[in-house]
Amino acid sequence: MAPFVDLNVLNTTEKKRLQSIIETAARLGYSTIAINHVADLQQKRREIDKPISVKELFTSLPIVQGTSKPIKIVTRLTVIVSEAAHCNDLRTTSKHARLYDIMAVLPKTEKLFHIASMTLDIDLICIHVTEKQPYHFKRPSINAAIDRGIYFELAYSPAIKDSTMRRYTISNALSLMQICKGKVSPMELRGPYDLANLGLLLGLSEGDAKAAVSTNCRAALLHGETRKTALGVIYTMQKAQTNEDQEEGRPLCKRAKTQDD
């Protein structure tokens, strides 16, 4: 199975707390995590900071549970956009675009959701789950985002803390699932198998639920690499050999001898 990934470890000024969260992620079996810096541009004098350096957190990275490999830490910027002018910070030409490994947006209106799906050079679109969805998801916007390699993210942690939030989370999730067919990554720090089970509750198939915490996240990371290089990324997987492939690779004399036997 593909390695587990958590793309939403919220950044905090408390260094020890952030270190503890990352160490916990490694113990839970996550091979990659993204430190998420959230910027609400509606706030006055709100500037986007530079991403945190891994060297500031660890001299030696935690080892992933069940492996001998250290956890991989990437950076992510999530911009909360409430007006069209905020989208300029998410353009390819933005100085922030190349500083972060992953670019995400949380649109507050239907128009901004459409812009994000159609034109913005981003990797993730976040769905607000702490309130009733203020607009309906439309199939053209969803399909356009999927065709462009963009994934949708649902943060489930509010559903754990409050019954009202839980109702909004499930309602918004089901509304999205009906259209996007599994191109969703539910993120927060819980065990990967717990998240997969949550995906089943939200209407995902078993395969899509597992992909939401593994291959979908991997695809979002590769999409971010493509955005930063402006060229492309090739991801290869070794194919298991079948008996026919093994037979074709053998010398003719050995094949003939086997057939005679």
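Residues numbered from 1 in each chain as written. Predicted model: local features only at pLDDT ≥ 70, side-chain atom pairs only at ≥ 80, totals over all residues. Heavy atoms only, no water.

J.: Describe the overall build of the chain, and please don't skip the residues or the numbers.
T.: In terms of regular secondary structure, the chain is built from eleven helices and seven strands. The proportion of buried residues among the 261 residues of the chain is 45%. For the chain, restricting intrachain contacts to residue pairs at least 6 apart in sequence, the fraction spanning at least 24 positions comes to 74%. Surface accessibility of the chain: about 14700 Å² in total, with carbon and sulfur atoms responsible for 51%. (Helix = DSSP H or I, 4+ residues; strand = E, 2+ residues; numbered from the N terminus. Buried < 20%, exposed > 50% of the residue type's maximum accessible area, 1.4 Å probe, protein only. Contact = heavy atoms within 4.5 Å. Areas by Shrake-Rupley, 256 points an atom, 1.4 Å probe, with all protein chains shown as cover.)

J.: For the pattern of salt bridges, give the residues involved together with the corresponding values.
T.: Within the structure shown, the criterion is met by two salt bridges. The shortest N-O distance in the salt bridge between Glu 153 and Arg 76 comes to 2.7 Å. Of this pair, Glu 153 sits in strand 6 (residues 151-155) while Arg 76 sits in strand 3 (residues 72-81), and the two are 77 residues apart along the sequence. Here Glu 153 and Arg 76 have matching classes, each one buried. Across the pair Glu 110 and Lys 138 runs a salt bridge whose closest N-O atoms are separated by 2.9 Å. Here Lys 138 lies in the loop between strand 5 (124-127) and helix 4 (139-147) and Glu 110 lies in helix 3 (residues 110-118), a separation of 28 residues in the sequence. Judged by relative accessible area, Lys 138 falls into the partly exposed class, the value being 47%. (Salt bridge = Lys/Arg side-chain N within 4 Å of Asp/Glu carboxyl O.)

J.: Any details on helix 4? Residues and values, ideally.
T.: Among the residues making up helix 4, those that are buried are Ser 141, Ile 142, Ala 144 and Ala 145. Viewed along the axis of helix 4, the buried residues span an arc of 165°, placing them on a single side of the element. In this structure, helix 4 carries Pro 140 and Asp 147 as exposed residues pointing more than 90 degrees from its buried face. Phi for Gly 149, located one or two positions after helix 4, is positive at around 85°. (Arc of directions from axis to C-beta.)

J.: Can you tell me about helix 1 (residues 15-28), naming the residues and giving the values?
T.: An ideal rise of 1.5 Å per residue puts 20 Å on 14 residues; helix 1 measures up with 20 Å between its terminal C-alpha atoms. Along helix 1, the residues classified as buried are Leu 18, Gln 19, Ile 21, Ile 22, Ala 25 and Ala 26. Looking straight down helix 1, one finds its buried side chains confined to an arc of 160°; they lie on one side. Relative to its buried face, helix 1 has exposed residues pointing more than 90 degrees away, namely Lys 16 and Arg 27. Summarising the contacts, the buried residues of helix 1 are in contact with strand 1 (4-10), strand 2 (30-40), helix 2 (54-57) and strand 3. (Expected span 1.5 Å × (residues − 1).)

J.: Describe the side chain of Gln 19, with residues and values.
T.: The residue Gln 19 is located in helix 1 in this model. By relative accessible area, Gln 19 is classed as buried at 18%.

J.: Tell me about the confidence of the model for the chain, and please be specific about residues and values.
T.: Per-residue pLDDT for the chain averages 76, and the proportion of residues at 70 or more is 61%. Confidence over residues 182-188 falls short of pLDDT 50; this stretch has 43 contacts with residues more than four positions distant or in other chains. (pLDDT = per-residue confidence, 0-100.)

J.: Residue-level account of the nonpolar core, with values.
T.: Counting residues in hydrophobic clusters, the biggest one holds 25 residues, and the most contacted among them are Ile 48, Leu 77, Phe 113, Ile 122, Ile 125 and Phe 152. Listing elements by their share of this core, those giving two or more residues are strand 3, strand 4 (102-107), helix 3, strand 5, helix 4 and strand 6. Here this core takes four residues from helix 3, the largest share from any one element. The residues touching Phe 113, leaving out its near neighbours within four places in the chain, are Pro 107, Ile 125, Ile 127, Tyr 135, Phe 137, Ser 141, Ile 142 and Phe 152. Counting 16 residues, the second largest nonpolar core, distinct from the first, contains Leu 18, Ile 22, Ala 25 and Ile 71. (Core = buried A, V, L, I, M, F, W, Y, C linked by side-chain atoms within 4.5 Å.)

J.: An account of the packing of aromatic side chains is requested, with residue identities and associated values reported.
T.: One pass over the full model with this rule turns up one aromatic pair. When the ring of Phe 113 is compared with that of Phe 152, the centres are 6.1 Å apart and the planes differ by 20°; the resulting orientation is stacked. With a gap of 39 residues between them, Phe 113 in helix 3 and Phe 152 in strand 6 connect regions that are remote in the sequence. Note on accessibility: Phe 113 and Phe 152 belong to one class, buried. (Phe/Tyr/Trp six-rings, centres within 6.5 Å; stacked < 30°, edge-to-face > 60°.)

J.: Pulling in residues and values, what's your account of the pairing of strand 1?
T.: The side chains of a regular strand alternate between the sheet's two faces. Among the seven residues of strand 1, six are classified as buried, and the element is accordingly described as predominantly covered. The pairing of strand 1 with strand 2 spans five bridges and is classified as parallel. When the sheet's bridge partners are listed, Asp 6 is paired in strand 2 with Ile 33. For the crossover that starts at strand 1, traverses helix 1 and ends in the parallel strand 2, the hand is right-handed. (Pairing = 2+ DSSP bridges. Right-handed = clockwise from strand over helix to strand, strands pointing away.)

J.: Would you mind going over the packing of helix 3 against helix 4 in detail, with residue names and values included?
T.: In the contact formed by helix 3 and helix 4, the axes pass within 8 Å of each other and the chain directions differ by 30°. Considered as vectors, helix 3 and helix 4 are oriented roughly parallel to each other. By crossing handedness, the relation of helix 3 to helix 4 is classed as left-handed. Where helix 3 approaches helix 4, its residues Phe 113, His 114, Ser 117 and Met 118 are matched on the opposing element by Pro 140, Ser 141, Ile 142, Ala 144 and Ala 145. Class assignment for the residues of the contact of helix 3 with helix 4 results in six nonpolar, three polar and no charged. (Axes fitted to C-alpha atoms, helices over the stretch in contact; angles between N-to-C directions. Parallel < 35°, antiparallel > 145°, perpendicular 65-115°, else oblique. Left-handed = near helix turned anticlockwise from the far one by under 90°. Nonpolar A, V, L, I, M, F, W, Y, C, P; charged D, E, K, R; others polar.)

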